[in-house]
Amino acid sequence: MNFPTTRQVRWLIKPVWFLACLAPFVWLTLAVFGLAGLSLGADPIEETQDFIGIWALRLLLVTLALTPLRLLTGQVWLIQLRRMTGLYVLFYVSIHFLNYLIPDQGLDLGAITEDIVERSFITLGIAALTCLIVLGITSTHGWRRRLGRRWQKLHRLVYAIGILACTHFWWQVKLDTLEPTIYAGILAVLLGVRVYFRLIKNRKAQQS
Amino acid sequence: MLIKKPRNIKSSDITPESVYLNRRKLLQAAGLSGTAALLPQVTRAADIPARYRKLEGIIKSPYSTSQEPNPFEDVSTYNNFYEFGTNKSDPVDNSGNFKPQPWSVTIDGAAEVTGTFSFEDIMAPHTLEERTYRLRCVEAWSMVVPWVGIPLGDLLKRFKPTSNAKYVAFETIVRPSEMPGQHRPILDWPYREGLRIDEAMHPLTILATGLYGVELPNQNGAPLRLVVPWKYGFKSIKSIVRISFTETMPYTSWSDALPGEYGFYANVNPEVDHPRWSQARERPIGAGFFASKIPTLMLNGYAEQVAGLYTGMDLAKNF
Ligand code: HEM
């Protein structure tokens, strides 16, 4: 199998990936201003919340898929997309959160506190966002060097974020859990592939 | 029981069309017409697609609110009607094949007159009224809709309910070939709802056959739906094919699916939260991106007229 060169990854694949991940943001911006025939419909605040939330979740699953894909295909360069994708997740969840704080709740601190304390799906969302911020801050080369082996451990938090995000989605639907079930299923497969490779690795280590 | 009329009903309160038009022009002049999501809009007759048949002989009703209705566009594209799918845009997208004509309704149970009647026979003796009502969804958003319909009580009386008729049960049509949402058992189809007989007889309760002066769009529950303005929207069952007078509290779909979250009464009540979200405030649809939520009113602002139905009842228990 062919591998792209470092130059191809840096000058072609990464810029294309950057633009692809930006597409939902472009769509949202156009729709907010009613440009290009796009619209957010009758309830723009909820549509923004859902649209950006679902894209955050999709990109989170893409981030989580890169390692299993590498393990399955041997395409090592895939790992070079991981940080950018993860930061996009943080970007989208931040919009999701700001949309909740300002247009949705009108910065009503009483209502927001009540939500965080009483509504478990919001509590989970905040927990996921907090973890994402920690990973975002420590995603730089500097932090990576500083934390050494602990960096790897810290960044395993991304699995927890995946579980928190899927549960967050699950708990806020009214009745029809088909969509959250599909996303949770994908997450389970992605985590399963890692567990599988981990088991193989352990067995090999025992045999040798 | 004394029925009080709402105070806010002067027809002079209703914004004349020319004011809407001027406002639009002003906004256009200010170069703001492109910011679609940021500004509220208003409906004029010309905004209603010609394919909807106009209803004749509609009289105004003192029960209407003078609040400005949501545009036809909002009312007809932002719907919860799980028979056509669970997203808000599914009903308008997936209801094109639904055939609301011909239609008949079966009336049965504790009444002297029962049987199956055509839509035309059901409606014939009644005069259509325009009832502009607030609509509060259990999901904490709201609209104002200019319904056209008849008082349900007037209709029910024609069938001479007996003294055993303590409740009225309603059923939506089951037609998976035209209602794609019914292919999946999200709710236990048919959708069913019910009212206590005094709620059903209350003059605010109507059977709607239209909105904005035209027949009901399919996505809004054509050809015949209930509207109970002081209850959460899911009580206002759509596309009705059966009305039964019963002695015991009837089965209702949402309280069967999630009994801890939805009750039989489902009265709008800012003091009783849904287990997963607050009911204290609501988002008025169409108010734009930066409009804040507004406080939800007890019984959706109809307390003066209907609170008497619930004297002595614990509304937190009977949610
Ligand atoms: C990793 C972080 C998060 C992810 C991946 C995420 C994802 C999602 C998804 C997929 C939905 C459902 C969209 C739909 O119904 O189609 C959703 C809904 C929602 N999220 Fe998040 N979310 C996250 C964090 C947060 C945070 C921090 C908050 C605010 C405190 C929040 C508030 C909400 C709200 C209020 C809704 C419901 C909107 C509605 O009623 O339709 N989320 N989120």
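Residues numbered from 1 in each chain as written. Chains lettered and ligands numbered in written order. Predicted model: local features only at pLDDT ≥ 70, side-chain atom pairs only at ≥ 80, totals over all residues. Heavy atoms only, no water.

*Asks:* Help me out: how do you make sense of the pattern of salt bridges in this one?
*Replies:* Close approach of charged atoms lets side chains of opposite charge pair. Scanning the model with the defined rule gives 25 salt bridges over all chains in all. Here aspartate 104 of chain A and lysine 293 of chain B are joined by a salt bridge, their closest N and O atoms 3.6 Å apart. With one member in each of two chains, aspartate 104 of chain A in helix H3 (residues 82-104) and lysine 293 of chain B in the loop between strand S12 (281-284) and strand S13 (294-295) form a pair that bridges those chains. Overall, the relative accessible area of 12% leaves aspartate 104 of chain A in the buried class. In this structure, arginine 196 of chain B engages aspartate 198 of chain B in a salt bridge whose closest nitrogen and oxygen atoms are separated by 2.9 Å. Classification of arginine 196 of chain B as buried rests on a relative accessible area of 13%. The class for aspartate 198 of chain B is partly exposed, based on a relative accessible area of 31%. In the salt-bridge network here, residues are joined through shared partners; they are Glu114, Asp115, Glu118 and Arg119 of chain A together with Asp273 of chain B. (Salt bridge = Lys/Arg side-chain N within 4 Å of Asp/Glu carboxyl O. Helix = DSSP H or I, 4+ residues; strand = E, 2+ residues; numbered from the N terminus. Buried < 20%, exposed > 50% of the residue type's maximum accessible area, 1.4 Å probe, protein only.)

*Asks:* Looking at this structure, I do not really get the site of the ligand. What am I missing?
*Replies:* All names here are of chain A. In the region of the ligand, 21 residues are neighbours, and Gln49, Asp50, His96, His168 and Gln172 sit closest. One of the side-chain N or O atoms of glutamate 46 is found 3.4 Å from an oxygen atom in the ligand. Here a nitrogen atom of the ligand sits 2.6 Å away from a polar atom, N or O, in the side chain of histidine 96. Every element with two or more residues in the shell around the ligand is listed here: helix H2 (44-73), H3, helix H5 (120-137) and helix H8 (157-172). Element by element, the count of residues in the shell around the ligand is highest for H5, at 7 residues. The residue makeup of the shell around the ligand, split by class, is 13 nonpolar, 6 polar and 2 charged. (Near = heavy atom within 4 Å. Polar contact = N/O pair within 3.5 Å; in protein donor to acceptor, adjacent residues only side chain to side chain. Nonpolar A, V, L, I, M, F, W, Y, C, P; charged D, E, K, R; others polar.)

*Asks:* Explain the interface of chain A and chain B to me, please; I cannot follow it from the model alone.
*Replies:* Many authors give the size of an interface as the accessible area that is lost as the parts come together. Chain A puts 28 residues into the contact, and the matching count from chain B is 35 residues. Summed over both partners, the interface of chain A with chain B buries about 2500 Å², with 53% contributed by carbon and sulfur atoms. The largest per-residue losses of area from chain A upon contact with chain B belong to Ala42, Lys174 and Leu175 of chain A, which jointly make up 30% of the total buried on that side. In this structure, arginine 119 of chain A and aspartate 273 of chain B form a salt bridge, with 3.4 Å as the shortest nitrogen-oxygen distance. For the side of chain A that touches chain B, the secondary-structure elements that each account for two or more residues are helix H1 (6-32), H2, H3, helix H4 (109-118) and H8 of chain A. For the side of chain A that touches chain B, the class distribution of residues is 15 nonpolar, 5 polar and 8 charged. (Contact = heavy atoms within 4.5 Å. Buried area = accessible area lost by both parts, 1.4 Å probe.)

*Asks:* Explain the environment of serine 76 of chain B to me, please; I cannot follow it from the model alone.
*Replies:* All names here are of chain B. With respect to the secondary-structure elements, serine 76 resides in helix H2 (residues 72-77). With a relative accessible area of 5%, serine 76 lands in the buried category. Each C-alpha atom, one on serine 76 and one on isoleucine 237, is 16 Å from the other, the two residues being 161 residues apart in sequence. Non-local contacts of serine 76, meaning those with residues more than four positions away in its chain, are made with Val92, Pro217, Gln219 and Asn220. A polar atom in the side chain of serine 76 sits 2.7 Å from the backbone oxygen of phenylalanine 72.

*Asks:* Please clarify how empty space enclosed by the protein should be interpreted in this entry.
*Replies:* The method is simple in principle: a probe with the dimensions of a water molecule rolls over the atoms, and the space it marks as empty is what remains. By the definition in use, this model includes 3 cavities of 30 Å³ or more. Looking at the largest cavity, its volume works out to about 370 Å³. Contributing to the lining of the largest cavity are 26 residues, with Asn80, Phe81, Gly233, Phe234 and Lys238 of chain B lying nearest its centre. When residues in the lining of the largest cavity are grouped by element, the largest group, 4 residues, is from strand S5 (residues 141-151) of chain B. For the lining of the largest cavity, the per-class residue count stands at 16 nonpolar, 6 polar and 4 charged. Put simply, the second largest cavity is a space of about 60 Å³. Together, Ala42, Asp43, Pro44 and Ile45 of chain A together with Arg283, Pro284, Ile285, Gly286, Ala287, Gly288, Ala291 and Ser292 of chain B line the second largest cavity. Among the elements of the structure, H2 of chain A together with S12 of chain B are those that each provide at least two residues to the lining of the second largest cavity. (1 Å grid on protein atoms, 1.4 Å probe; cavity = no way out; pocket = protein on both sides within 12 Å on 5 of 7 lines; lining within 4 Å. Points joined across faces, edges and corners; volume = space filled by probe spheres on them.)

*Asks:* In this structure, what is going on with the coordination of the iron atom of the ligand? I would like to understand it.
*Replies:* All names here are of chain A. The coordination sphere of the iron atom of the ligand contains the protein donors His96 (NE2) and His168 (NE2), at a distance range of 1.9 to 2.0 Å. Coordination at the iron atom of the ligand is octahedral, judged from the 6 donor atoms that bind it and the angles of 84 to 180° they form at the metal. Of this pair, histidine 96 sits in helix H3 while histidine 168 sits in helix H8, and the two are 72 residues apart along the sequence. With respect to burial, histidine 96 and histidine 168 carry one shared label: buried. (Donors = N, O, S within 2.8 Å, 3.2 Å for Na, K, Ca; no water. Tetrahedral: all angles 85-135°; square planar, octahedral: opposite > 155°, others 65-115°.)

*Asks:* Looking at this model, I keep getting lost on the sheet that holds strand S6 (residues 167-172) of chain B. Mind explaining?
*Replies:* Within a sheet, adjacent strands bond to each other through the backbone by hydrogen bonds, running parallel or antiparallel. Residues and elements named next belong to chain B. Read across the sheet, 5 strands follow the order S3-S2-S11-S6-S7 without closing on themselves; strand pairing throughout is mixed. The sheet is open, and its two borders are formed by strand S3 (115-118) and strand S7 (192-196), each paired with just one other strand. Ignoring which end each strand starts from, the neighbouring axes of this sheet average 20° apart. Relative to S3, strand S2 (residues 104-109) runs antiparallel, the two being bridged by 4 bridges. The partner of threonine 106 across the bridge, within S3, is threonine 116. (Pairing = 2+ DSSP bridges. Axes fitted to C-alpha atoms, helices over the stretch in contact; angles between N-to-C directions.)

*Asks:* Got a minute to help me understand the environment of threonine 116 of chain B in this structure?
*Replies:* All names here are of chain B. Topologically, threonine 116 is positioned in strand S3. Separated by 128 residues in the primary sequence, threonine 116 and serine 244 place their C-alpha atoms 12 Å from one another. Not counting residues within four places of it along the chain, the set of residues in contact with threonine 116 comprises Ser104, Val105 and Thr106. A distance of 3.0 Å separates a polar atom in the side chain of threonine 116 from a polar atom in the side chain of threonine 106.

*Asks:* I keep staring at the layout of surface pockets and nothing clicks. Help me out?
*Replies:* Residue and element names in this part refer to chain A. The space that makes up the second largest pocket amounts to roughly 1200 Å³. Surrounding the second largest pocket, 35 residues form its lining, Thr67, Arg82, Trp151, Gln152 and His155 being those nearest its centre. Of all elements in the fold, only H2, H3, H5, helix H6 (141-147), helix H7 (149-154), H8 and helix H9 (178-207) reach the threshold of two or more residues within the lining of the second largest pocket. Ranked by the residues each element gives to the lining of the second largest pocket, the list is headed by H3, at 7 residues.

*Asks:* How should a positive patch on the surface be read in this particular structure?
*Replies:* Residues and elements named next belong to chain A. Together, Arg149, Lys153, Arg156, Arg198 and Lys201 give the surface a local cluster of positive charge. Counting only elements with at least two residues in the positive patch, the list comes to H7 and H9. The topology assignment puts arginine 149 in helix H7. (Patch = residues over 30% accessible without salt bridge, like charges linked within 9 Å, V, L, I, M, F, W, Y side chains within 5 Å. Areas by Shrake-Rupley, 256 points an atom, 1.4 Å probe, with all protein chains shown as cover. Lys, Arg positive; Asp, Glu negative; His and termini not counted. Charge placed at Lys NZ, Arg CZ, Asp CG, Glu CD.)

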